[in-house]
Amino acid sequence: MNPPSTSQESQTGHGTGVFVGLPSFPVAARESTRDGQLRANLRHATHTIRAKRAVAIGELSDWGELRAAGAAIKDHTLAHLDHYLQQLEQAVTAAGGHVHWAADADEANRIVTDLVHATGETEVVKVKSMATQEIGLNEALAAQGIRAYETDLAELIVQLGDDRPSHILVPAIHKNRAEIRDIFRTQMAAWGRPAPQGLSDEPAALAEAARLHLRQKFLHTKVGISGANFMVADTGTLVVLESEGNGRMCLTLPETLISVVGIEKIVPTFRDLEVFLQTLPRSSTAERMNPYTTMWTGTTDGDGPKTFHLVLLDNGRTDTLADTVGRQALRCIRCSACLNVCPVYERAGGHAYGSAYPGPIGAILTPQLRGTATELDASLPYASSLCGACYDVCPVAIDIPDILVHLRQRVVQGGPVTQAGQRVTIKPARGHTTEHAAIRASRYAMGRPAAWAAAQRLATGTRKLHPRSLPIRTAKAWTDTRTLPQVPDQTFRQWWKQHTKNTNPDPGSTTPGGAR
Amino acid sequence: MTNTTGSSSRAEILRRVRQALGTTTATAAPTPEDIARDVPRDYATTHATRTPLQTADLLAEHLADYRAHVHRTDAAGLAATIARLLTERGSRTAVVPAGLPGDWLTDARALDVDVVTDHPGLTPVELDAVDSVVTGCALAIAETGTIVLDASPDQGRRALTLVPDHHICVIRPEQIVESLPQALPRLTPTRPQTWISGPSATSDIELDRVEGVHGPRTLEVVMVASDAQVTDFPG
Ligand code: SF4
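These numbers were taken from a predicted model, which means no experiment stands behind them. In this convention, every chain numbers its residues from 1, walking through the sequence in written order. Here every chain gets a letter starting at A, and every ligand a number starting at 1, in the order they are written. Note on the predicted model: pLDDT of at least 70 is required for a residue's local features to be given, and 80 or more for side-chain atom pairs to be given and counted; whole-chain, interface and lining totals, by contrast, use all residues. Note: side-chain values were computed over all heavy atoms of the structure, leaving out hydrogens and water.

### Comments concerning the overall build of chain B
Right, on to step 1. Helix and strand labels come from DSSP, where a helix needs a run of H or I of at least four residues and a strand needs a run of E of at least two; each type is numbered from the N terminus. Broken down by element type, chain B carries 7 helices and 12 strands.
Right, on to step 2. We compute the radius of gyration from the C-alpha atoms alone; for a globule the expected value is 2.2 Å times N to the 0.38, where N is the number of residues. Against the 2.2 N^0.38 benchmark of 18 Å for 235 residues, chain B shows a C-alpha radius of gyration of 22 Å, more extended than a compact globule.
Right, on to step 3. Reported as C-alpha extents along the three principal axes, the dimensions of chain B are approximately 70 × 45 × 40 Å.
Right, on to step 4. Considering chain B as a whole, with its 235 residues, one finds that 56% of them fall into the buried category.
Right, on to step 5. Residue pairs in contact within chain B that sit at least 24 positions apart in sequence constitute 71% of those at least 6 positions apart.
Right, on to step 6. The sign given to each residue is positive for Lys and Arg and negative for Asp and Glu; His and the chain ends receive no count. For this purpose, a charge sits on NZ of Lys, CZ of Arg, CG of Asp or CD of Glu. Side chains of chain B carry 20 positive and 31 negative charges; the gap between the two charge centres is 9 Å. Note on classification: 1.4 Å probe, protein chains only; a residue is buried when its accessible area is under 20% of the maximum for its type, exposed when over 50%, partly exposed between these limits. In this description, contact between two residues means that some pair of their heavy atoms is separated by no more than 4.5 Å.

Below, the structure is given as structure tokens:
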């Protein structure tokens, strides 16, 4: 996915990622900010989820220990990734599965397309998967005459509405119920069973319409495509967490199952799931446990798909692993908690991030997976005020602010990076539109209401929030509108405690986002 | 035929991983001691000390939290309870896995419910026409309100508990554990597993929780009390 060029100055500033032609973050963010519906929905969603999440996490007295264990398991796995990948391959193969390796998006799409062609089928059912969205699989399949049906309710809404997801967890949160009803009424018939006569905009009625529409697909479609939340190296077991049951349908009923999974999704042993199955549901949907989790190992006679293919996806992950600061991003378990506490995400909306990964995780992951050669990708590390709330909620303790600062330095100073497995040196963005996009993004992120601006300066003293050095021009451009934040000795939580002493002596371990 | 399309990419990805980790040769396989040193596991095994009855109560409470219907009975009352639930639902047909204890459905059969034992020829379309499914489970986790199915003979293949709209699941007292860390050692990883915490749900439309999208929309859990608890929960 990374453009071959080693010089940012030679780039024209147009997006080369999955969503070609997207405007850079500040431009897209400005547009989203004007969309009142999107903003109101997002605000409602993020505040609702994060309040519930704090309660779910408050039930676990050992949250801190679980978080540390989760981070350590991921770090350990990454440090031995070549071993665990081979162990996984062996276990999946021994259990009757077929393992394929894809270095980039094009290769993954080609492998999946060929596998579907080999079945003779032209339709597939899909369960929501960020990896397949990252590589643009649906578009690649469509180009080869294969129709992919998204089966998550939200993804169905997005697909029927010819739209893009805006939130990892609730991708259609930018649509209200009346809009969803209209999409169902006008679009369902073109894709299969039409919406029932007189469909109302009650959520239960809309869910029923989706059930009826999709059931025919589940019962008759012969190929299913999924991602996975976890892959257990020593047993070859894949794990998918979900809520609606469409995942179970896609993973159980088709004759052929193809799973496209990033190489960072490995955990060494089955036991490791005891950590993530506690932290992920609580951190994600604020539930003690999500309604359904499916685990399968290769194929099983008389139960589930007869043929199973696992496509292991690199697509920039090894480049990310090569960066000793940025590699932490590979711990991510895609819970979306960091989105829900991010004031910039709340204002800008998911679409502004221009990739499958919105919010703080997108701001650190996309520029590493795709490089910082485009204007959009170079501006992403600036799509943050460095308030640190994302770090505080992250169930695998990714130091997102630290990576953001690191990536900002990469954008403005250049330096050695790995692109598509090759070590190269990129030049600083000096004098280029990229730089201005970055500055505009940071100005956007920093342009906060006064009360919030006071909080965001106090992120933490231990993380290197303060840009270590900025080229004169960039620093000046920053300071044109705002002085560089002074990082105090006080941590964010200490500040929170001081400022909320009278009403709420303890915000719990994970509710810094309340400091709006 | 493990790999036809990506064999050179396999070598390339492994090379990239090793380069990223600063080595040119394969990293050594970590020993259990390495993992133990790298991963601190000072998190809790359970989050409270409870009697078996308290644990059962917690499970019932957490199942109900996520809109499962919980019914408690003793071994003697089990068949009658299942029959009552099928009747209340108005079920004409029920499918059961081949290994379901024969006496669980005695009362239901007497009530004229057509009980079909699962067999490989039963297609998803045919399952879609069945009103209810009755199964046991592998274990249940109180802290999270979770039932785990592992395709054992009293639970059957995964499609069985997926396609029908009404699932009655029986939990025996010795199957209840407190927590995730207690559950995993009791499971065989390589068996197909379905973990169920309440009926399917979505909050995709304006965050309104709607129960029941694609899985069984009604989940009825029958908790069988141990002999010691029978006096507390007469059938
Ligand atoms: S970065 Fe952390 S908080 Fe954000 S989605 Fe990933 S795991 Fe969750």
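### Topic: the site of the ligand
Right, on to step 1. Summary of the distance rule: residues count as near a molecule or strand when at least one heavy atom falls within 4 Å of that molecule or strand. Every residue lining the ligand is accounted for by A:Cys332, A:Ile333, A:Arg334, A:Cys335, A:Ser336, A:Cys338, A:Ile361, A:Cys394, A:Pro395, A:Val396, A:Ile398 and A:Ile400.
Right, on to step 2. Among the residues forming the shell around the ligand, the class breakdown is 10 nonpolar, 1 polar and 1 charged. Note on residue classes: Ala, Val, Leu, Ile, Met, Phe, Trp, Tyr, Cys and Pro are nonpolar, Asp, Glu, Lys and Arg are charged, and everything else, Gly too, is polar.

### Quick word on the pattern of salt bridges
Right, on to step 1. Note on definitions: salt bridges are taken to be side-chain nitrogens of Lys or Arg within 4 Å of carboxyl oxygens of Asp or Glu. Following the criterion strictly, the structure yields 35 salt bridges over all chains and no others.
Right, on to step 2. The closest approach of N and O atoms between B:Arg18 and A:Asp82, which form a salt bridge, is 2.7 Å. Taken together, the residues B:Arg18 in helix H1 (residues 7-20) and A:Asp82 in helix H4 (residues 81-94) connect one chain to another.
Right, on to step 3. Taking the shortest distance from any N to any O, the salt bridge between B:Arg16 and A:Asp314 comes out at 3.0 Å. Pair noted here: B:Arg16 is in helix H1 and A:Asp314 is in the loop between strand E10 (307-313) and helix H13 (317-321), and the two residues belong to different chains.
Right, on to step 4. Accessibility expressed as a relative area gives 10% for B:Arg16, which makes it buried.
Right, on to step 5. Residue A:Asp314 is classed as buried on the basis of its relative accessible area of 0%.
Right, on to step 6. One network of salt bridges, with partners in common, ties together A:Glu208, A:Arg211, B:Arg89, B:Asp165 and B:Arg217.

### A word on the packing of aromatic side chains
All names here are of chain A.
Right, on to step 1. Pairing of aromatic rings covers Phe, Tyr and Trp, the last through its six-membered ring, and needs centres within 6.5 Å; plane angles under 30 degrees mean stacked, over 60 mean edge-to-face, and all others mean tilted. Under the criterion given, the structure shown has 4 aromatic pairs over all chains.
Right, on to step 2. Aromatic pair tyrosine 149 and tryptophan 191: ring centres 6.0 Å apart, planes at 75°, arrangement edge-to-face. Of this pair, tyrosine 149 sits in strand E3 (residues 147-150) while tryptophan 191 is found in helix H9 (residues 177-191), placing the two residues 42 residues apart along the sequence. Each member of the pair, tyrosine 149 as well as tryptophan 191, is classed as buried.
Right, on to step 3. Distance and angle both matter: a charge sits over a ring if NZ of Lys or CZ of Arg is within 6 Å of the ring centre and within 35 degrees of the ring normal. The lysine or arginine in question, lysine 74, covers the ring of phenylalanine 276, its NZ or CZ lying 5.7 Å from the ring centre.
Right, on to step 4. Lying across the ring of tyrosine 149, lysine 217 places its NZ or CZ 4.3 Å from the centre.

### Digging into the sheet that holds strand E6 (residues 237-242) of chain A
Each strand in a sheet pairs with its neighbour through backbone hydrogen bonds, running either in the same direction (parallel) or in the opposite one (antiparallel).
Right, on to step 1. Strand pairing is defined by DSSP finding a minimum of two bridges between the two strands. One open sheet accounts for 8 strands, arranged E8(A)-E5(A)-E6(A)-E9(A)-E9(B)-E6(B)-E5(B)-E8(B); its pairing is mixed. Across the chains shown, the open sheet's two edge strands, defined by having one partner strand only, are strand E8 (266-267) of chain A together with strand E8 (176-177) of chain B.
Right, on to step 2. Bridge count between strand E5 (residues 139-141) of chain B and E8(B): 2 bridges; the pairing is parallel. In the strand pairing of E8(B), B:Ala140 is matched with B:Ile176.

### Some remarks on the nonpolar core
Right, on to step 1. Side-chain atoms within 4.5 Å link the members of a nonpolar core, which is a set of buried Ala, Val, Leu, Ile, Met, Phe, Trp, Tyr and Cys residues. By size, the foremost hydrophobic cluster in this structure holds 109 residues, and its most contacted members are A:Phe25, A:Leu273 and B:Trp195.
Right, on to step 2. With 32 residues, the next largest nonpolar core counts A:Tyr149, A:Leu206, A:Cys250 and B:Leu162 among its residues.

### Remarks on helix H3 (residues 52-65) of chain B
Residue and element names in this part refer to chain B.
Right, on to step 1. Here H3 spans 20 Å end to end across 14 residues, near enough to the 20 Å set by a 1.5 Å rise per residue.
Right, on to step 2. Looking at the buried positions of H3, the neighbouring elements they touch are strand E1 (69-73), E5, strand E6 (146-149), strand E7 (166-171), E8 and strand E12 (218-224).
Right, on to step 3. Taken from the residues just after H3, arginine 67 is the one with a positive phi, measuring 70°. To estimate the expected span of a helix, subtract one from its residue number and multiply by 1.5 Å.

### Quick word on the pairing of E10(A)
Residue and element names in this part refer to chain A.
Right, on to step 1. Across the 7 residues that make up E10, a large majority, 6, are buried.
Right, on to step 2. Direction of pairing for strand E1 (residues 98-102) relative to E10: parallel, over a ladder of 5 bridges. What sits directly across from tryptophan 101, in E10, is leucine 312.
Right, on to step 3. Bridge count for strand E7 (residues 256-262) against E10 is 7 bridges, and the pairing is parallel. Paired with threonine 256 across the bridge in E10 is threonine 307.

### Examining the interface of chain B and chain A
Right, on to step 1. In this assembly, 82 residues from chain B lie in contact with 106 residues from chain A.
Right, on to step 2. Both sides of the chain B and chain A interface together cover about 8000 Å² of buried area, and 58% of this is carbon and sulfur.
Right, on to step 3. Our count for the contact surface shared by chain B and chain A stands at 9 salt bridges.
Right, on to step 4. Of the charged contacts, one joins A:Glu89 and B:Arg10 as a salt bridge, the two residues approaching to 2.6 Å between their closest N and O atoms.
Right, on to step 5. N or O atoms closer than or at 3.5 Å make up a polar contact, with two conditions inside protein: a donor-capable atom paired with an acceptor-capable one, and, for residues adjacent in sequence, both atoms drawn from side chains. Connecting chain B to chain A are 31 residue pairs in polar contact (both at pLDDT 80 or more). Summed over both partners, the accessible surface that disappears when two parts come together, traced with a 1.4 Å probe, is what is meant by buried area.

### Quick word on the sheet that holds E3(A)
Residues and elements named next belong to chain A.
Right, on to step 1. Reading across from one edge, E1-E10-E7-E4-E2-E3 is the order of the 6 strands in this open sheet, with parallel pairing throughout. One side of each edge strand has no neighbouring strand; the edge strands of this open sheet are E1 and E3. Adjacent strand axes in the sheet meet at a mean angle of 25°, parallel and antiparallel pairs treated alike.
Right, on to step 2. In this structure, strand E2 (residues 123-126) lies alongside strand E4 (residues 223-226), joined through 2 bridges in parallel fashion. Its bridge partner lying in E4, valine 125 is registered against glycine 224. In this description, a line fitted to the C-alpha atoms serves as the axis of each element, helices being fitted only across the stretch in contact, and the angle between N-to-C directions of two axes falls anywhere from 0 to 180 degrees.

### So, the confidence of the model for chain A
Right, on to step 1. Here pLDDT means the predictor's own confidence in every residue, given as a number from 0 to 100. Overall, the prediction assigns chain A a mean pLDDT of 79, with 74% of residues at 70 or greater.
Right, on to step 2. The low-confidence segment residues 448-516 of chain A (pLDDT under 50) makes 132 contacts with residues lying over four places distant or belonging to another chain.

### Some points on the packing of H9(A) against helix H10 (residues 203-220) of chain A
Residue and element names in this part refer to chain A.
Right, on to step 1. Closest axis-to-axis distance for the H9/H10 pair is 11 Å, and the angle between their directions is 20°. With respect to H10, the axis of H9 lies roughly parallel. For the pair H9 and H10, the crossing hand works out as left-handed. Residues Arg177, Ile180, Arg181, Phe184, Met188 and Trp191 of H9 pack against Pro203, Leu206, Ala209, Ala210, His213 and Lys217 of H10.
Right, on to step 2. By residue class, the composition of the contact of H9 with H10 is 8 nonpolar, 1 polar and 3 charged. Note on terminology: angles under 35 degrees are roughly parallel, angles over 145 are roughly antiparallel, angles of 65 to 115 are roughly perpendicular, and the others are oblique. What makes a crossing left-handed is the near helix being turned counterclockwise from the far one by less than a right angle; a clockwise turn instead makes it right-handed.

### A closer look at the environment of A:Asn138
All names here are of chain A.
Right, on to step 1. Along the polypeptide, asparagine 138 turns up in helix H7 (residues 137-143).
Right, on to step 2. Judged by its relative accessible area of 17%, asparagine 138 is buried.
Right, on to step 3. When the C-alpha atoms of asparagine 138 and proline 254 are compared, they prove to be 18 Å apart, with 116 residues separating the residues in sequence.
Right, on to step 4. Those residues in contact with asparagine 138 that lie beyond four places of it in its chain are Lys126, Ala148, Glu150 and Gln159.

### Quick notes on the pairing of E7(B)
Right, on to step 1. Burial runs high along E7(B): 6 of the 6 residues are buried.
Right, on to step 2. Side chains B:His166, B:Ile168 and B:Val170 project from E7(B) onto one buried face, and the interleaved B:His167, B:Cys169 and B:Ile171 project onto a second face that is buried too.

### Focus on the domain arrangement of chain B
Right, on to step 1. For the domain bounds, the source is a domain assignment made automatically or taken from a database. Each domain of chain B was delimited in the assignment, giving domain 1 (8-38) and domain 2 (52-232).
Right, on to step 2. When each unit is reduced to the centre of its C-alpha atoms, the spacing between domain 1 of chain B and domain 2 of chain B is 43 Å.

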